[in-house]
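# Structural overview for review
Listed below are the residues making up each chain.
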Amino acid sequence: MPVLSKEPGNQPQHSKAGSRRNFLKTATQLTTGLGIATGLAAPLAGQATAVNDWRVDEPMPADSSKPVTVTIYQTTDVHCQIHPHDELFWENGKAVFRKTGGYAHLATYFKQQRAAQPKSFFIDTGDMFQGSELSVKTTGAAMVPLLNELGYNLYLPGNWEVIYYKKAMQTLLGALQAPKVCANMYHDLGNGQKGELIFQPYHIWQVAGVKIGFIGYTDPLVPIRQSPNYSKGIIYTPPEQNLAHYVDVLRNQEQCAYVLVVAHLGLSQQLHLANLPECQGVDYILGGDTHERVRKPIVCKYAKVVEPGAFGSFVGKLTLTIKNGKVIEDRYELDEITAARYKPDNAVNALIQQHEKPFAQSIHKVVGYSTIPLYRYFVVENPIDTMILNALHWQMKDIDIVLSNGFRFCPPRTTPDHTGNIPITEGYIYDMLPVDSTVRTGKVTGRQLREWLEKELNNVFAENASERFGGWVIKFKGMEVQFNAFGQKGKRVQQVTVGGLPLDDTRMYSICACERDGDPDDMLCRMKGVANAQNTAYTLHSVLKNYLAANSPVTPKPLNAAKILDAPATLLTQVHGVDYAFR
């Protein structure tokens with residue numbers, strides 16, 4: 001039986017994983033009982049399963065006075081990008097692109113690192129089941145055998161793990177052959193009553209004669225950021241509500257030499273947490289959600305904070321030196337998974353081909369072309385979102401303002417084919433918009449638009465890091481806005497025009513945006529009190545396909561509809577005031 005630790009005001013929680021043998025037995029039973037599709041949880045014929053000796057805890061070394069190094073590896077926000085892709089880097093003031101990522105290439109990197117460093121521990125901190133057509137068509141199940149073959153030691157659910165709703169999230173994560181941690185996701189018993197934690201709150205790795213503790217926290221804003229129905233049945237709490245308690249358990253009861261928080265909160269929120277007194281006793285926050293590339297740890301009052309990019313393009317590598325039962329040094333690197341450097345692993349490559357084959361024709365079908373690179377890395381405007389807005393505006397000609405959410409996910413696409421243009425495939429439409437939402441219309445006053453814009457801009461640029469959401473600036477066409485990103489809350493918007501005319505607070509304007517599952521009938525794109533809100537016959541995917549069929553090749557140059565006055569249009573991060581730059 002695992003040790004039980006009682007969190008104040010809650011039922012006792014499983015606090016430590018049992019032996020490796022017991023865990024694998026339980027995981028196998030769970031996978032079978034939950035009915036993961038035949039062939040998805042099983043390996044290829046004749047292929048060894050990903051039950052790896054390197055995940056077994058180690059006994060005390062014979063001589064603890066000799067320095068020993070151990071290494072913790074982290075991926076996050078891969079978003080089901082199983083193949084190498086074009087990746088954007090900001091070098092010498094401009095965008096350059098290189099091929100990175102891919103699970104088969106990542107597997108080769110993992111194997112090389114394990115061979116060089118037997119005392120290694122691999123973590124993924126979320127958004128592993130959302131972001132591609134293959135994931136949607138298999139409800140995430142195709143990702144399970146790939147993740148198991150990679151042989152992670154620990155998982156944290158991200159904000160998008162709920163995309164297929166609570167039960168599917170539990171099934172998918174339960175099928176993974178490693179522990180899951182999250183100390184702020186509870187079963188909702190109804191009427192706001194909080195039940196037990198869905199996952200164990202922490203995990204302990206015993207290595208080189210010491211214990212290293214990991215506490216997990218995912219984004220408590222999921223019910224607001226995602227469609228509300230996705231997370232129905234779950235109650236989220238702020239990390240600071242019980243962080244000090246679990247730090248105390250790990251430091252004083254379990255006597256851990258090192259304590260890390262694995263987080264999917266976004267870099268701003270992780271920096272905020274690392275400066276709160278509740279974080280005292282935490283050494284590192286290994287973060288995720290905002291796809292930031294922290295190459296040098298950001299030193300805060302109580303902990304260091306890192307985040308290792310997205311899409312499998314990078315791996316965060318934290319090396320600890322241990323001597324006499326204490327961690328005496330830490331060293332952090334961000335390794336780039338360049339496709340040319342790390343050749344594809346045969347076993348993982350075979351798994352990818354096996355599970356993608358039934359859907360390959362659809363995934364690789366070309367539905368249009370772009371004349372310019374497609375990406376989504378700038379905070380304010382990007383070619384991908386411009387293409388979506390252009391498509392909505394083309395399809396919904398009578399609408400004053402079309403809106404698109406400020407998503408971060410979707411890797412770039414910059415490589416032309418034989419036509420000389422960049423192909424847009426059916427699969428890439430899913431990468432851009434994994435949820436094929438219904439297009440919804442309504443009417444709002446100018447005053448509503450102005451107040452909504454102030455709220456949305458504060459979600460991105462709030463001076464108080466705890467108020468920042470994880471997304472980019474909302475996207476729009478038909479409206480032009482000039483704003484100060486780092487201005488005073490509620491006073492950032494300097495000028496708004498619609499159709500070339502100043503915004504009239506009393507006038508009604510027609511808008512369209514995507515429907516969110518579970519939103520009130522009078523809400524569109526987080527804007528409340530929308531009049532005459534109704535669904536159309538279109539979905540986002542149908543609009544894009546119609547537009548590309550009629551207009552390809554397209555040239556979606558950003559519109560400059562959102563004009564930032566106090567920062568460059570090429571702003572790559574919402575984080576400021578610390579020693580960090582995205583590149």
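Thresholds applied
- Residues numbered from 1 in each chain as written.
- Predicted model: local features only at pLDDT ≥ 70, side-chain atom pairs only at ≥ 80, totals over all residues.
- Heavy atoms only, no water.
- Salt bridge = Lys/Arg side-chain N within 4 Å of Asp/Glu carboxyl O.
- Helix = DSSP H or I, 4+ residues; strand = E, 2+ residues; numbered from the N terminus.
- Axes fitted to C-alpha atoms, helices over the stretch in contact; angles between N-to-C directions.
- Parallel < 35°, antiparallel > 145°, perpendicular 65-115°, else oblique.
- Left-handed = near helix turned anticlockwise from the far one by under 90°.
- Contact = heavy atoms within 4.5 Å.
- Nonpolar A, V, L, I, M, F, W, Y, C, P; charged D, E, K, R; others polar.
- Buried < 20%, exposed > 50% of the residue type's maximum accessible area, 1.4 Å probe, protein only.
- Polar contact = N/O pair within 3.5 Å; in protein donor to acceptor, adjacent residues only side chain to side chain.

This part covers the pattern of salt bridges. Enumeration according to the criterion identifies 19 salt bridges in this entry. One salt bridge connects Arg293 with Glu87, and the closest N-O pair in it is separated by 3.2 Å. Taken as a pair, Arg293 in the loop between β14 (284-286) and β15 (298-299) and Glu87 in strand β4 (residues 85-91) lie far apart in primary sequence, 206 residues in all. A single salt-bridge network, built from bridges that share partners, covers Glu91, Arg98 and Glu336.

To continue, consider the packing of helix α2 (residues 103-116) against helix α9 (residues 346-356). Contact geometry for α2 and α9: axes closest at 8 Å, N-to-C directions at 160°. Taken together, α2 and α9 sit at an angle that is classed as roughly antiparallel. Pair α2 / α9 crosses with right-handed handedness. Together, Tyr103, Ala104 and Ala107 of α2 and Val348, Asn349 and Ile352 of α9 make up the contact between the two elements. Residue classes in the contact of α2 with α9 are distributed as five nonpolar, one polar and no charged.

One can describe the packing of helix α11 (residues 383-395) onto helix α14 (residues 540-551) by two numbers: an axis separation of 9 Å at closest approach and a directional angle of 85°. When the axes of α11 and α14 are compared, the pair comes out roughly perpendicular. On α14, the residues that touch Met387, Ile388, Asn390, Ala391, Leu392, Trp394 and Gln395 of α11 are Leu540, Val543, Leu544, Asn546, Tyr547, Leu548, Ala550 and Asn551. Grouping the constituent residues of the contact of α11 with α14 by class yields eleven nonpolar, four polar and no charged.

Within the fold, Pro558 resides in the loop between α14 and β29 (562-564). Here the alpha-carbon distance between Pro558 and Pro383, two residues 175 residues apart in the chain, equals 5.7 Å. Apart from residues no more than four positions distant in its own chain, Pro558 is found in contact with Glu381, Asn382, Pro383 and Thr386.

Moving on to the side chain of Ser227. As for its placement among the helices and strands, Ser227 is situated in the loop between α6 (222-225) and β12 (234-236). Look at Ser227 and you get buried, because its relative accessible area is 9%. At a separation of 3.2 Å, a polar atom in the side chain of Ser227 contacts the main-chain amide nitrogen of Asp517. Those residues in contact with Ser227, other than ones at most four positions away along the chain, are Arg516 and Asp517.

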